[in-house]
Amino acid sequence: MHSTQPESGWSSRADSQGLHGYPTLLGAQLPERSSVERDRENEIAAALSMLMDANTSPVNGDGFNHAIPCGYTYLAQFAAHDMTLNSRPLPDTGGSGVPDNLRARALMLDALYGGGPQVLPHCHAQPDDPTEAAVKLRLEPVRIGSRQGPKRDIGRLMETINDRLRCTPLIADARNDDNAVVAQITALFIQVHNAAADRLPANWRSEERYSGARLAVTVAYRAIIRNDLLGRILEPATYDWYAGQGGDRRFLDTGLRDRLVTAEFAHAVWRMGHAMVRPEYKFNLRSESHPLDTVIERNAQKRPREMPLDREWIAQWPLFFDFGKRKPQPSMLIGPSFAGPLHRAFKTPSEGESGGLAKRDFQRGSASAVASVAQLRQRIAALAPVAYPNRAWLTDARRHHAIVRDFLDKANLAGRINKSLVQSITGEAPLGFFVLVEAAAKPWCGQHLGPLGSMIAAETFFRALDDETSLDSLSPRPGFGAAEAVRAVFGELPQSMPALIRWLDTAPPGRIATYDVARSAVGYLFLSRDLEQFTDTWALVQAM
């Protein structure tokens, strides 16, 4: 489910500044493609989608990326929702024209909090005293048979309209119920907020506790994005440059100023997360591995009768992030290969084998008029200082063409696309496709983005992270800023997902990655059954 409506209460940057569409890294918006150009690009998108089916696409080894645990795929999706909100559907999903980005600011957890309890009361837990403002976000119990289990699921409204059951996620951004994993990531951050609110003085006003908790959680979230997510996704030299090694002049002078999210990032580079999606996921020790098809469909829109989630779908986080004692499930290598269900689930009946999510991704880039690889090469050559990481690679057209040609030679052995298209793609590959081919090439081998993809992502993320002005607006009282909020709630700032979850494990009312064995009425029974089925149950419990 992809919501296109902004949450009430947040102004649109486009509306407030008279800006339309996403800017480009070229420093100006590009004209929309002509109908002839669009038709050719759609033909190329269909051909590339066919070659990128994981069943036929050449990949390195078994395709698994043991450098990035699978939870980061969905943290990246959550972060994307926190940076972009399209004003209208893109042409690849039935819309027309170029959309505006309605996120007025980036990486401020607006996708979790929206406009706050006054604007979105249904997303917040209502206090017993109706005269008090909400302090906590809404969580709902999971199902254990016919009973209610612990509160580990997002809120949802069930209603029957015209004899048809309808289920609506009660969260600030409905896209965070797109699949079962991102919904669990959302529920995790809700738990963190609620636990943070309990750490603040009880004699504070409700509004102060809410704002103080939001401030602390937002600071922690931004630290995790900077140090944990980007440290894994970006090419190391590029990450080091933007994390501080490049100094005050580390950003390219594109003239974007505060227009942080570019078309190249939103509609090309960050679509790389689709390549990281696994064909199946195991959510906890009690569950079987769920095929991706069912993970995608496990949401309020597609399976309302199966809401709320049952315990089969409650994430035990050591299976998704690395806690050091047990190997988590890996993501897939970043490259021009998508899991089969991503082709099937996003294909119209008329598309045949040339449809799917990859095709939609490339059409999105075309419809949004992203800069071409050639244009970016020229821009980097003009703006990047001599010491800029991987500068020689970023400006070398010959090597760029070579890695694309190498992929096409391997993937098109059966001659499934004609020579004319092969020549067109080799000469000017769509940016979203090139970024995947680059990531898969040596020496990067799919373990993270390559130099061009990393540069585009870093320009967007680090500009947003460097802008801390919006944090000031969350201060609940004079003298209580970001540092004070972190100290009051966390003590020491968590800078990784495992660190955040470990902190939450110490917060009332107890463990969050599973039921509390001692406090649950049937906890010991469940534990004994887990021990019968899984010899490593205690290892997982200790890791949590």
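Heads up: the structure comes first, above all this text.
Just so it is clear, the model here is predicted, and its values are computed rather than measured.

**A closer look at the overall build of the protein**
- A tally of helices and strands in the protein yields 22 helices and ten strands.
- Every one of the 544 residues in the protein was classed for burial, and the buried ones make up 58%.
- In the protein, of all internal contacts separated by at least 6 residues, the share reaching a separation of at least 24 is 75%.
- When the accessible surface of the protein is split by element, carbon and sulfur atoms take 49% of a total near 22,300 Å².

**Section: the pairing of strand S6 (residues 156-161)**
- Bridge analysis of S6 against strand S7 (residues 164-169) gives six bridges, and the strand direction is antiparallel. From the neighbouring strand, Ile161 faces S7, where its bridge partner is Arg164.
- With antiparallel pairing between neighbouring strands as the criterion, S6 and S7 make up a hairpin whose turn holds two residues, including Asn162 at a positive phi of roughly 55 degrees.

**Comments concerning helix H20 (residues 497-506)**
- Counting buried residues in H20 gives seven out of ten residues, a clear majority hidden from the surface.
- Elements that come into contact with the buried residues of H20 comprise helix H3 (71-81), helix H5 (180-198), helix H6 (206-233) and helix H19 (482-489).
- Where H20 starts, the residue carrying a side-chain oxygen 3.1 Å from the main-chain nitrogen of Ala499 turns out to be Ser496.

**Quick look at helix H11 (residues 357-367)**
- Taking burial as the measure, the eleven residues of H11 include eleven buried ones, the bulk of the element.
- Along H11, the residues that are buried comprise Leu357, Ala358, Lys359, Arg360, Asp361, Phe362, Gln363, Arg364, Gly365, Ser366 and Ala367.
- Count one or two residues on from H11 and you reach Ala369, which has phi positive near 55 degrees.

**Observations concerning the packing of H3 against H6**
- For the pair H3 and H6, the least separation of the axes is 11 Å and the interaxial angle reads 130 degrees. Between H3 and H6, the angle is such that the two are oblique. The two elements H3 and H6 cross, and the hand of that crossing is left-handed. Facing H3, whose interface residues are Tyr72, Leu75, Ala76, Phe78 and Ala79, H6 presents Tyr221, Ile224, Ile225, Asp228, Leu229 and Arg232.
- The class makeup of the residues in the contact of H3 with H6 is nine nonpolar, no polar and two charged.

**Looking at the packing of aromatic side chains**
- On inspection of all chains with the given rule, the structure shows 23 aromatic pairs.
- Ring geometry for Tyr242 and Phe251: centres 5.7 Å apart, planes at 50 degrees, overall tilted.
- Centroid distance Phe362 to Phe433: 6.1 Å. Interplanar angle 90 degrees. Geometry classified as edge-to-face. Placement of the pair is Phe362 in helix H11 and Phe433 in helix H16 (residues 431-440), with a sequence separation of 71 residues. Comparing Phe362 with Phe433, the two get one shared label, buried.
- Members of the aromatic cluster, joined through ring pairs, are Tyr72, Phe283, Trp313, Trp317, Phe320 and Phe321.
- Sitting over the face of the ring of Tyr281, Arg278 holds its NZ or CZ atom 5.8 Å from the ring centroid.

**Side note on the environment of Arg205**
- Locating Arg205 in the fold gives a position in the loop between H5 and H6.
- Each C-alpha atom of the pair Arg205 and Pro476 lies 9.4 Å from the other, and the pair is 271 residues apart in sequence.
- A polar contact of 3.1 Å, which involves the side chain of Arg205, links it to the side chain of Glu207.

What counts and what doesn't
Residues numbered from 1 in each chain as written. Predicted model: local features only at pLDDT ≥ 70, side-chain atom pairs only at ≥ 80, totals over all residues. Heavy atoms only, no water. Helix = DSSP H or I, 4+ residues; strand = E, 2+ residues; numbered from the N terminus. Buried < 20%, exposed > 50% of the residue type's maximum accessible area, 1.4 Å probe, protein only. Contact = heavy atoms within 4.5 Å. Areas by Shrake-Rupley, 256 points an atom, 1.4 Å probe, with all protein chains shown as cover. Pairing = 2+ DSSP bridges. Polar contact = N/O pair within 3.5 Å; in protein donor to acceptor, adjacent residues only side chain to side chain. Axes fitted to C-alpha atoms, helices over the stretch in contact; angles between N-to-C directions. Parallel < 35°, antiparallel > 145°, perpendicular 65-115°, else oblique. Left-handed = near helix turned anticlockwise from the far one by under 90°. Nonpolar A, V, L, I, M, F, W, Y, C, P; charged D, E, K, R; others polar. Phe/Tyr/Trp six-rings, centres within 6.5 Å; stacked < 30°, edge-to-face > 60°. Lys NZ or Arg CZ within 6 Å of the ring centre and 35° of its normal.

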